[in-house]
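This is what each chain is made of:
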Amino acid sequence: MRYAMVIDTLKCVGCSDCVVACQTENNVPHGYCRDWVTEAVSGSYPNLELELRSERCNHCANPPCVRCCPTGASHVIEGGIVLVTADQCIGCGACIESCPYDARYQHPDGYVDKCTFCHHRLEKGQLPACVSVCPTKCMYFGDLDDPNSEISQLLKNRKYKTLSPEAGTDPHVFYLI
Amino acid sequence: MQEELFTSGRNIPNIDPSLQIWHWPISLYLFLGGLAAGILFFAALFYLMGKEKQYPALKKAAVIPPIALSVGLLALVYDLTHPLFTWQLYTTFRIESPMSWGAWVLLITTPLSFLWLFSFYRSTFPKWESKLKLFKKFKFLEKFEKFLITNRTYMAYALIPLSIILGVYTGILLSAFNARPLWNNAILGPLFLTSGLSTGAAAIILLSRNREERHLFSKIDLGLIIVEIALIIHMIMGYYAGSQVQLEAMDLLVGGEFTLMFFGFVILLGLLVPAILEVIELLGFKVPVAVPAALVIIGGLLFRFIMVEAGQLTRYLY
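Residues numbered from 1 in each chain as written. Chains lettered and ligands numbered in written order. Predicted model: local features only at pLDDT ≥ 70, side-chain atom pairs only at ≥ 80, totals over all residues. Heavy atoms only, no water.

(A) Structural view of the overall build of chain A. Helix and strand counts for chain A stand at six helices and ten strands. On C-alpha atoms alone, chain A measures out to a radius of gyration of 16 Å, which is about the 16 Å that the 2.2 N^0.38 rule sets for 177 residues. Counting only contacts in chain A whose residues sit at least 6 apart along the sequence, the fraction spanning at least 24 positions is 55%. Entry remark: accessible area of chain A is about 7100 Å², with carbon and sulfur atoms responsible for 50%. Across chain A, the 15 positively charged side chains and the 21 negatively charged ones have centroids separated by 4 Å. (Helix = DSSP H or I, 4+ residues; strand = E, 2+ residues; numbered from the N terminus. Rg over C-alpha atoms; globule rule 2.2 N^0.38 Å. Contact = heavy atoms within 4.5 Å. Areas by Shrake-Rupley, 256 points an atom, 1.4 Å probe, with all protein chains shown as cover. Lys, Arg positive; Asp, Glu negative; His and termini not counted. Charge placed at Lys NZ, Arg CZ, Asp CG, Glu CD.)

Right, dumping it as structure tokens:
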């Protein structure tokens, strides 16, 4: 079992609904976020291309944040989800510095926080909040190890990329391009 | 075809500033850790070589490591967002986390530096003792001191590897983060160790009243400065040979906002000028040795500040 998220950048309109849903669902303090939308324009005028990406923790298979955590607060649970145990976190910031995706932030209560793939919702058989609210249905969630899952099929049939593969983290958030 | 790339970044205001999370206490701590490591290394080494009588400033300098490590640790804890949970560092040992083994090395080195200082306390600072009269007030101290003095050799044997690990760790702590291109190079460990040893030697020069001793440590410091310059050149060449993100990181130091600080204060005033002054002094001309020593110490401090600040500005994504 390896949870993964697939995001169709061709369908994303950058409405930031995923961001608001996450902030509401996870009680993210004001001014912070666990996911965000990036706009990237590339190409050379007049052939410019706009890509909208909903970004978050990549729940890497080789997570540098877990490696460098001195207390073991950052850890990987079944399904490859990277979590932070608030009670063990001393707020040293090593994991924030080690994340090439800048996906972590320091919660005002002193611990480090980030996307959990809505772990509490998965336990109830629900989808992550961001996926369930997306109005263009550009986000997919499922098991990467199951060849018949929707995400495996998408990754089989479509072109995709991951962010900063050169960082060697083996991310589990994929972008269809 | 020339590619144009523009990335707006996060669509939510006030997010990015919260990512710059290491502030001045970390830089100060890295400097103090290196300084303490340098002094402890020389103190233990010269003790094992049987030369502690020849070089009295080494014993005096033993005052610095316990203070430096304590202040450094306080700074470190102050920068944590959950300082009351610091004990969590010691409920586990994580071999892959440099911060974890750094915490354990500090846990051993800090008390050892206090014991080392205490074993020299009465002989090096008789004036303090006559004022404080500690040994009269607490009878058990006599026994404890005797025990420490008989075991000094073992302490010195332990301090040499511990101080080297402590010195290297201040650099490895940063270089372990592959998400920060400026830090992510293997040279930072030896570079910070050399810089720590150099500031340690400079502190000993400042405390010394003995010409021969100052001369020796000037020579040692000069050697370390040369090694440090070589390592910095090596570091810059490494960035130039690196990937795009490393080239961009390098731009901060060469031609960017940290250029004056890096080349003006660290390289010129912190390394080249003291090296030249020390050479002039070794050639027999009279130079107040306190000047190059103070410059080396200030340069070492600024170097940590620049590396910690600039490193956090470098990143993989946009």
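(B) A look at the nonpolar core. Formed by 106 residues in total, the largest nonpolar core has its most connected members in Trp 22, Phe 42, Trp 116, Met 235 and Phe 262 of chain B. If one sorts the elements of this core by residue count, helix α1 (residues 24–48) of chain B sits on top with 16 residues. Filtering out sequence-adjacent residues up to four positions away, Trp 22 of chain B remains in contact with Cys 92, Gly 93, Ala 94 and Glu 97 of chain A together with Asp 79, Met 99, Leu 174, Phe 177, Trp 183, Val 308, Glu 309 and Gln 312 of chain B. Residues Ala 103, Cys 115, Phe 117 and Met 139 of chain A belong to the second largest nonpolar core, which totals 30 residues. (Core = buried A, V, L, I, M, F, W, Y, C linked by side-chain atoms within 4.5 Å. Buried < 20%, exposed > 50% of the residue type's maximum accessible area, 1.4 Å probe, protein only.)

(C) Broad picture of unusual backbone geometry. Residues and elements named next belong to chain A. Following Tyr 45, the chain continues to Pro 46 via a peptide bond in cis, the omega torsion being 5 degrees. Even without being glycine, Asn 27 reaches a positive phi, approximately 55 degrees. With respect to the helices, strands and loops of the structure, Asn 27 is situated in the loop between α1 (17–25) and β2 (36–44). What makes Asn 27 exposed here is its relative accessible area of 65%.

(D) Main features of the sheet that holds strand β8 (residues 139–143) of chain A. Residue and element names in this part refer to chain A. Spatial ordering of the open sheet is given by β8-β1-β10-β9, a layout of four strands whose pairing is mixed. Of all the strands in the sheet, just β8 and β9 (160–161) have a single pairing partner and so form its edges. Direction of pairing for β9 relative to strand β10 (residues 173–176): antiparallel, over a ladder of two bridges. Considered in β10, the bridge of Tyr 160 is made with Leu 176. (Pairing = 2+ DSSP bridges.)

(E) Focus on the pattern of salt bridges. Taken as a whole, this structure holds 13 salt bridges over all chains when the rule is applied. The closest approach of N and O atoms between Asp 113 of chain A and Arg 34 of chain A, which form a salt bridge, is 3.0 Å. In this pair, Asp 113 of chain A is assigned in strand β7 (residues 112–113) and Arg 34 of chain A in the loop between α1 and β2, connecting sequence segments 79 residues apart. In this structure Asp 113 of chain A comes out as buried when scored by relative accessible area, which is 10%. Across the salt bridge formed by Arg 180 of chain B and Glu 97 of chain A, the nearest N and O atoms sit 3.2 Å from each other. Taken together, the residues span two chains, with Arg 180 of chain B in the loop between α8 (152–175) and α9 (188–207) and Glu 97 of chain A in helix α3 (residues 94–98). For the pair Arg 180 of chain B and Glu 97 of chain A, one class covers both residues: buried. A cluster of three or more residues bridged by salt bridges with shared partners is formed by Glu 51, Arg 53, Glu 55 and Lys 161 of chain A. (Salt bridge = Lys/Arg side-chain N within 4 Å of Asp/Glu carboxyl O.)

(F) Just the packing of helix α10 (residues 211–240) of chain B against helix α12 (residues 259–282) of chain B, in detail. Residue and element names in this part refer to chain B. In contact at an axis separation of 9 Å, α10 and α12 are set at 145 degrees when each is read in the N-to-C sense. The crossing of α10 and α12 is left-handed. Along the contact surface, α10 presents His 215, Ser 218, Lys 219, Asp 221, Leu 222, Ile 225, Glu 228, Ile 229, Ile 232, Met 235 and Ile 236, while α12 presents Phe 262, Phe 263, Ile 267, Leu 271, Leu 272, Pro 274, Ala 275, Glu 278, Val 279, Glu 281 and Leu 282. The residue makeup of the contact of α10 with α12, split by class, is 15 nonpolar, two polar and five charged. (Axes fitted to C-alpha atoms, helices over the stretch in contact; angles between N-to-C directions. Left-handed = near helix turned anticlockwise from the far one by under 90°. Nonpolar A, V, L, I, M, F, W, Y, C, P; charged D, E, K, R; others polar.)

(G) Representation of the side chain of Glu 145 of chain B within the structure. Residues and elements named next belong to chain B. Following the sequence through the fold, Glu 145 ends up in helix α7 (residues 140–150). Accessibility expressed as a relative area gives 7% for Glu 145, which makes it buried. A polar contact of 3.0 Å, which involves the side chain of Glu 145, links it to the side chain of Arg 122. Once residues within four sequence positions are removed from consideration, Glu 145 is found in contact with Phe 118, Arg 122 and Phe 135. (Polar contact = N/O pair within 3.5 Å; in protein donor to acceptor, adjacent residues only side chain to side chain.)

(H) Region of interest: the packing of aromatic side chains. All names here are of chain B. If you walk through the whole model with that rule in mind, you get 28 aromatic pairs over all chains. Ring geometry for Phe 42 against Phe 217: centres 5.6 Å apart, planes inclined by 90 degrees, an arrangement best described as edge-to-face. One end of the pair, Phe 42, is in helix α1; the other, Phe 217, is in helix α10, with 175 residues separating them in the sequence. The class for Phe 42 is buried, based on a relative accessible area of 5%. With a relative accessible area of 0%, Phe 217 lands in the buried category. The aromatic ring of Phe 120 is capped on one face by Arg 152, whose charged end is 3.9 Å from the ring centroid. (Phe/Tyr/Trp six-rings, centres within 6.5 Å; stacked < 30°, edge-to-face > 60°. Lys NZ or Arg CZ within 6 Å of the ring centre and 35° of its normal.)

(I) Structural context of α8 of chain B. Taking 1.5 Å of rise per residue, 24 residues should cover 34 Å, and α8 of chain B covers 34 Å from first to last C-alpha, within 8% of that figure. At Tyr 169 of chain B, α8 of chain B is bent by approximately 35 degrees, the largest bend along its length. (Expected span 1.5 Å × (residues − 1). Bend = angle between axes of the 7 residues up to and from the residue.)

(J) Region of the structure containing the interface of chain B and chain A. On the chain A side, the residues contacting the 43 residues of chain B number 52 residues. As a salt-bridge pair, Asp 102 of chain A and Arg 180 of chain B come within 2.8 Å of each other at their nearest N and O atoms. Elements with a contribution of two residues or more to the side of chain B that touches chain A: β1 (4–10) and α4 (98–124) of chain B. When its residues are assigned to classes, the side of chain B that touches chain A shows 19 nonpolar, 16 polar and eight charged.

(K) Broad picture of the UniProt feature "transmembrane region" (unreviewed entry) in chain B. Residues and elements named next belong to chain B. Those places that UniProt annotates as "transmembrane region" (unreviewed entry) correspond, in this numbering, to residues 26–49, 61–81, 101–121, 154–174, 186–208, 220–240, 260–280 and 287–307. For residues 61–81, helix accounts for 81% and strand for 0%, while the C-alpha atoms at its two ends are 33 Å apart. From the first C-alpha to the last, residues 154–174 spans 31 Å; its make-up is 100% helix and 0% strand. (UniProt positions renumbered as here; feature names shortened; annotations may be inferred.)

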